[in-house]
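Given next are the chains, with one letter for each unit.
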Amino acid sequence: MKFNFQTICHSNLLKDLSARQEDVISRRFGLKGNRETLESIGRNYDLTRERVRQIEEDGLRGVSKKLKNPQCENVLHYFVKNLKAAGSLRKEDLLLYELGGEKFKNHVFFLLTLGEPFQRFSETQDFHAFWTIDKNSLKTAQKNINTFISELKKRKKTLLLPSNMPASHIEISKDILRNPEGFYGLKDWPEINPRGIKDKAYLVFKKEKKPLHFIQVARGIGKDALPQTVHNELIRDQRFVLVGRGLYALEEWGYFPGIVREVIANTLRASNKPINKEQVLKEVLKQRQVKPSTVLLNLQNKRYFIKDSQGKYTIRKA
């Protein structure tokens, strides 16, 4: 539904106010440009901050009497209908843009401020600023947010929003964000809010689900990622394990760090009994993309490994 917000605000509501009242309200709500503070308007008129507030309040009292105008009633009814469809509550920036677009979002804010059913909650440490037509909806939203956060922590992965949970409730939370694919997660998860090259590299691995060369990772991140920069970040971050010449994998996939000799030692230690070279080779090649001869050469190092009479290997004790 389209409304002429310019006409509703200026021709219907601000009409007949004094020139000063009309100017103060227009500037305070950004109806002709950006919103201005009481101080900045006061400097323009050489008035105190409190006097400008009084002019604003006097003008708004006059405006409120005109809300019974059919055009105003229609637009406010539309706002109510929109909020009801969103679970009676909506994050402020999304609501203003949806109702008025970039051009008229300040006009929508002005009308919401005047309308009796609408209540604004300012931004807090946990929530973004939002509007509601039911003050009790915040309790429902908080319950949904806490339930979803618990599920995210339990599952430890991004999730789609349950069908019975309004997206508008989750959107006001500062602890939950949605990624471009439409999945939700906690704000400090790299899958949701990547910070820098290393987190973007992590997302490339998660998408490809296989070991990658650092040049492939750089390409996956985009044109702004230099291969050498990516390589340096992969080396320094414990989430990534070098598994071959320039090849990396995620530690969470079961790869563990170390050179080939250390991988052999971990393999023997995990077996809890001597194993033959074929078994060693099989397990090490799951961890490292190297030539079999490299593994066998390291296995022959008598400083670290012992071969028994049956041709099976164990770790030499210090």
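The text that follows walks through the structure, step by step, so that each part is easy to find. Note that the structure is predicted; figures quoted are calculated from it, not measured. (Residues numbered from 1 in each chain as written. Predicted model: local features only at pLDDT ≥ 70, side-chain atom pairs only at ≥ 80, totals over all residues. Heavy atoms only, no water.)

1. Here we look at the layout of surface pockets
Argument step 1. Roughly 570 Å³ of internal volume is contained in the largest pocket.
Argument step 2. Elements with a contribution of two residues or more to the lining of the largest pocket: α9 (196-208) and α10 (214-221).
Argument step 3. The greatest single-element share of the lining of the largest pocket, amounting to 6 residues, is contributed by α9.
Argument step 4. Residues that form the lining of the largest pocket fall into these classes: 5 nonpolar, 3 polar and 8 charged. (1 Å grid on protein atoms, 1.4 Å probe; cavity = no way out; pocket = protein on both sides within 12 Å on 5 of 7 lines; lining within 4 Å. Points joined across faces, edges and corners; volume = space filled by probe spheres on them. Helix = DSSP H or I, 4+ residues; strand = E, 2+ residues; numbered from the N terminus. Nonpolar A, V, L, I, M, F, W, Y, C, P; charged D, E, K, R; others polar.)

2. Overview of helix α4 (residues 49-64)
Argument step 1. With 16 residues, α4 ought to run about 22 Å at 1.5 Å a step, and its terminal C-alpha atoms sit 23 Å apart, in line with that.
Argument step 2. Along α4, the residues that are buried comprise Val-52, Ile-55, Glu-56, Gly-59, Leu-60 and Val-63. Along the long axis of α4, the arc covered by the buried residues comes to 130°, so they all point the same way.
Argument step 3. Where α4 is buried, its residues touch α1 (5-13), α2 (19-29), α3 (38-45) and α6 (92-114). (Expected span 1.5 Å × (residues − 1). Buried < 20%, exposed > 50% of the residue type's maximum accessible area, 1.4 Å probe, protein only. Arc of directions from axis to C-beta. Contact = heavy atoms within 4.5 Å.)

3. A short note on the packing of α2 against α3
Argument step 1. Viewed as axis vectors pointing N to C, α2 and α3 meet at an angle of 145°, and their least axial separation amounts to 10 Å. The crossing of α2 and α3 is right-handed. Facing α2, whose interface residues are Arg-20, Asp-23, Val-24, Arg-27 and Arg-28, α3 presents Leu-38, Ser-40, Ile-41, Asn-44 and Tyr-45.
Argument step 2. The class makeup of the residues in the contact of α2 with α3 is 4 nonpolar, 2 polar and 4 charged. (Axes fitted to C-alpha atoms, helices over the stretch in contact; angles between N-to-C directions. Left-handed = near helix turned anticlockwise from the far one by under 90°.)

4. Description of the pairing of strand β11 (residues 312-315)
Argument step 1. Where strand β9 (residues 275-276) meets β11, 2 bridges bridge the pair, whose relative direction is antiparallel. Considered in β11, the bridge of Ile-275 is made with Tyr-313.
Argument step 2. The pairing of strand β10 (residues 305-307) with β11 spans 3 bridges and is classified as antiparallel. Opposite Phe-305, over in β11, you have Ile-315 as the bridge partner.
Argument step 3. Here β10 hands over to β11 after 4 residues, with Gly-311 in that stretch at a positive phi of 80°. (Pairing = 2+ DSSP bridges.)

5. Some points on the pattern of salt bridges
Argument step 1. Inspection of the entire model under this criterion finds 20 salt bridges.
Argument step 2. A salt bridge links Arg-27 to Glu-36, with the shortest nitrogen-to-oxygen separation between them at 3.0 Å.
Argument step 3. Judged by relative accessible area, Glu-36 falls into the partly exposed class, the value being 27%.
Argument step 4. With a shortest N-O distance of 2.6 Å, Glu-39 and Arg-49 are connected by a salt bridge. Pair noted here: Glu-39 is in helix α3 and Arg-49 is in helix α4, with a separation of 10 residues, a long-range link.
Argument step 5. Where salt bridges share partners, they join Asp-23, Arg-27 and Glu-36 into one cluster. (Salt bridge = Lys/Arg side-chain N within 4 Å of Asp/Glu carboxyl O.)

6. Section: the environment of Gly-33
Argument step 1. Mapping Gly-33 onto the fold places it in the loop between α2 and α3.
Argument step 2. Sequence separation between Gly-33 and Lys-103 is 70 residues, and the spatial gap between their C-alpha atoms is 9.6 Å.

7. Things to note about the sheet that holds strand β7 (residues 240-244)
Argument step 1. Spatially, the 3 strands line up as an open sheet ordered β6-β8-β7, and their pairing is antiparallel. Strand pairing shows two members of the sheet lacking a second neighbour, β6 (212-213) and β7, which therefore form its edges.
Argument step 2. Note: β7 against strand β8 (residues 247-250), 4 bridges, orientation antiparallel. Bridging across to β8, Gly-244 finds its partner in Leu-247.

8. Observations regarding the side chain of Ser-168
Argument step 1. By the element assignment, Ser-168 lies in helix α8 (residues 167-171).
Argument step 2. Of the polar contacts made by the side chain of Ser-168, one reaches the backbone oxygen of Leu-89; its length is 3.2 Å.
Argument step 3. Excluding residues within four positions of it along the chain, Ser-168 makes contact with Ala-86, Gly-87, Leu-89 and Arg-90. (Polar contact = N/O pair within 3.5 Å; in protein donor to acceptor, adjacent residues only side chain to side chain.)

9. Section: unusual backbone geometry
Argument step 1. For Asp-16, which is not glycine, the phi torsion reads 80° and is therefore positive.
Argument step 2. Here the phi dihedral of Lys-156 falls at roughly 55°; this positive angle occurs in a residue that is not glycine.
Argument step 3. Looking at the element boundaries, Lys-156 is found in the loop between α7 (137-155) and α8.
Argument step 4. For Lys-156, a relative accessible area of 68% puts it in the exposed group.

10. Focus: the sheet that holds strand β1 (residues 89-91)
Argument step 1. An order of β1-β3-β2 is seen for the 3 strands of this open sheet, with the pairing classed as antiparallel. Each edge of the open sheet is held by one strand with a lone partner, namely β1 and β2 (119-121). Across this sheet, the average inter-strand angle for adjacent strands is 25°, counted without regard to direction.
Argument step 2. Two strands pair when backbone bridges link them, and β1 and strand β3 (residues 130-132) are joined in this way by 3 bridges, in the antiparallel orientation. Directly across from Lys-91, in β3, lies its bridge partner Phe-130.
Argument step 3. Sitting on the sheet, α6 touches β1, β2 and β3, and the angle it makes with β1 is about 110°.

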